[in-house]
Amino acid sequence: MTRRRWTIAVLVALAAATASAANAQTDVAASVYGAFSGTVNGNGVTQSPSNQAGVLVELHHQSNPLLGYEVTYAWNRADQNYSEEVVCPGNPVPTCNVVGPANKFVPANAHEVTADYEVSAHILNLRPFLLAGGGILFNQPAGSQNGAQSQTKGVLVYGGGVDWAVLPHLGIRGQYRGNVYKAPQLATAYSSTGAFFHTAEPMLGAYFRF
């Protein structure tokens, strides 16, 4: 390759790098959300988390107009309610099913760390986006409790939302996130349900863009 071609190639590379740097954006955001999970059943056990409020912190980087990635930390109360199906023999009826009084309530906290990819578009002062990723969910009983244990689970995350730029570096972020993970067995006296929870997390917050 001649010197002239080398010069042109270097100039093109520098122009591409400059354009990429100009489009790159980084922001930090904080949001509050509600965590809503359903009830699951398995192995004779019924498990239901209480609906709770939580906080999410995000560090997001976008290297081009369409693709980006983020890391997040979230915390919310994740109290668990357990009830067991008691099977008792009888005659002439062979069995009878009774729910309760074998119940247990476990106050707990959920700490979640994830890494997600984002696809987005800029429309005027709005940035709608979709996200998908995964991470780790730490389920910890609150305080010192007898018959309770901590459990760590993998979690799949998906969702979407929109950024609204109120000022050049400050805006409002509304989003919905869904978490899918295996139900934690926090009460040692109960068998694992072996089921999966789906937790819906609608949230609202603000971001600061560098």
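All of these numbers come straight from a predicted model, not from anything done at the bench.

## What to know about the overall build of the protein chain
Logical step 1: If you tally the helices and strands in the protein chain, you get 1 helix and 12 strands.
Logical step 2: Looking at the protein chain as a whole, 36% of its 210 residues qualify as buried.
Logical step 3: A sequence separation of at least 24 residues applies to 66% of the contacts in the protein chain between residues at least 6 apart.
Logical step 4: Carbon and sulfur atoms make up 66% of the accessible area of the protein chain, which amounts to about 11500 Å² in all.

## Details of the packing of aromatic side chains
Logical step 1: Following the criterion strictly, the structure yields 4 aromatic pairs and no others.
Logical step 2: Taking 5.8 Å as the distance between ring centres and 45 degrees as the angle between the ring planes, the aromatic pair formed by Tyr181 and Phe197 counts as tilted. Taken together, the positions of Tyr181 in strand 11 (residues 170-182) and Phe197 in strand 12 (residues 196-209) put the pair 16 residues apart, joining distant regions of the chain.
Logical step 3: Here the aromatic rings of Phe208 and Phe210 are separated by 5.5 Å at their centres, their planes lie at 90 degrees, and the arrangement is edge-to-face.

## Observations concerning the pairing of strand 1 (residues 25-37)
Logical step 1: Pairing of strand 1 with strand 4 (residues 52-62), which is carried by 11 bridges, proceeds in the antiparallel orientation. Across the sheet, Gly34 pairs through a bridge with Ala53, a residue of strand 4.
Logical step 2: Two elements, strand 1 and strand 12, share 9 bridges in a ladder whose sense is antiparallel. Looking at the pairing, Val28 lines up with Phe208 of strand 12.

## Thoughts on the confidence of the model for the protein chain
Logical step 1: Counting all residues, the mean pLDDT for the protein chain is 86, and 80% of those residues have values of 70 or more.
Logical step 2: In the model, residues 10-22 has pLDDT below 50 throughout and makes 1 contact with residues more than four positions away in sequence or in other chains.

## Some details on the nonpolar core
Logical step 1: One finds Val40, Ala78, Ala110, Phe129, Leu131, Leu137, Val155, Val157, Tyr181, Ala183, Ala195 and Phe197 forming the largest nonpolar core, which totals 12 residues.
Logical step 2: Among the elements of the structure, strand 9 (126-141) and strand 10 (151-167) are those that each provide at least two residues to this core.
Logical step 3: If one sorts the elements of this core by residue count, strand 9 sits on top with 3 residues.
Logical step 4: Not counting residues up to four positions away in its chain, the partners in contact with Leu131 are Glu70, Asp116, Tyr117, Glu118, Val157, Tyr158, Gly159, Gly160, Gln175 and Arg177.
Logical step 5: Of all hydrophobic cores here, the second largest spans 7 residues; its members include Val45, Leu186, Ala187 and Tyr190.

## With respect to the pattern of salt bridges
Logical step 1: A complete count under the given rule lists 11 salt bridges for this structure.
Logical step 2: Salt-bridge contacts for Arg177 lead to Glu58; the nearest nitrogen and oxygen are separated by 3.2 Å. You can see Arg177 sitting in strand 11 and its partner Glu58 sitting in strand 4, a full 119 residues away along the chain. A single burial state applies to Arg177 and to Glu58, both of which are buried.
Logical step 3: Across the salt bridge formed by Arg77 and Asp79, the nearest N and O atoms sit 3.1 Å from each other.
Logical step 4: Residue Arg77 is classed as partly exposed on the basis of its relative accessible area, which comes to 26%.

## Side note on unusual backbone geometry
Logical step 1: One non-glycine residue, Asn43, adopts positive backbone phi at about 55 degrees.
Logical step 2: Along the chain, the position of Asn43 falls in the loop between strand 2 (40-42) and strand 3 (45-49).
Logical step 3: Backbone geometry at Leu124 places phi at a positive 55 degrees, although glycine is not the residue there.
Logical step 4: If you trace the backbone, Leu124 turns up in the loop between strand 8 (108-120) and strand 9.

## Quick notes on the environment of Phe210
Logical step 1: With respect to the helices, strands and loops of the structure, Phe210 is situated in the segment after strand 12.
Logical step 2: Other than its neighbours up to four places away in sequence, Phe210 contacts Thr26, Asp27, Val28 and His169.

Reading the values: the criteria
- Residues numbered from 1 in each chain as written.
- Predicted model: local features only at pLDDT ≥ 70, side-chain atom pairs only at ≥ 80, totals over all residues.
- Heavy atoms only, no water.
- Helix = DSSP H or I, 4+ residues; strand = E, 2+ residues; numbered from the N terminus.
- Buried < 20%, exposed > 50% of the residue type's maximum accessible area, 1.4 Å probe, protein only.
- Contact = heavy atoms within 4.5 Å.
- Areas by Shrake-Rupley, 256 points an atom, 1.4 Å probe, with all protein chains shown as cover.
- Phe/Tyr/Trp six-rings, centres within 6.5 Å; stacked < 30°, edge-to-face > 60°.
- Pairing = 2+ DSSP bridges.
- pLDDT = per-residue confidence, 0-100.
- Core = buried A, V, L, I, M, F, W, Y, C linked by side-chain atoms within 4.5 Å.
- Salt bridge = Lys/Arg side-chain N within 4 Å of Asp/Glu carboxyl O.

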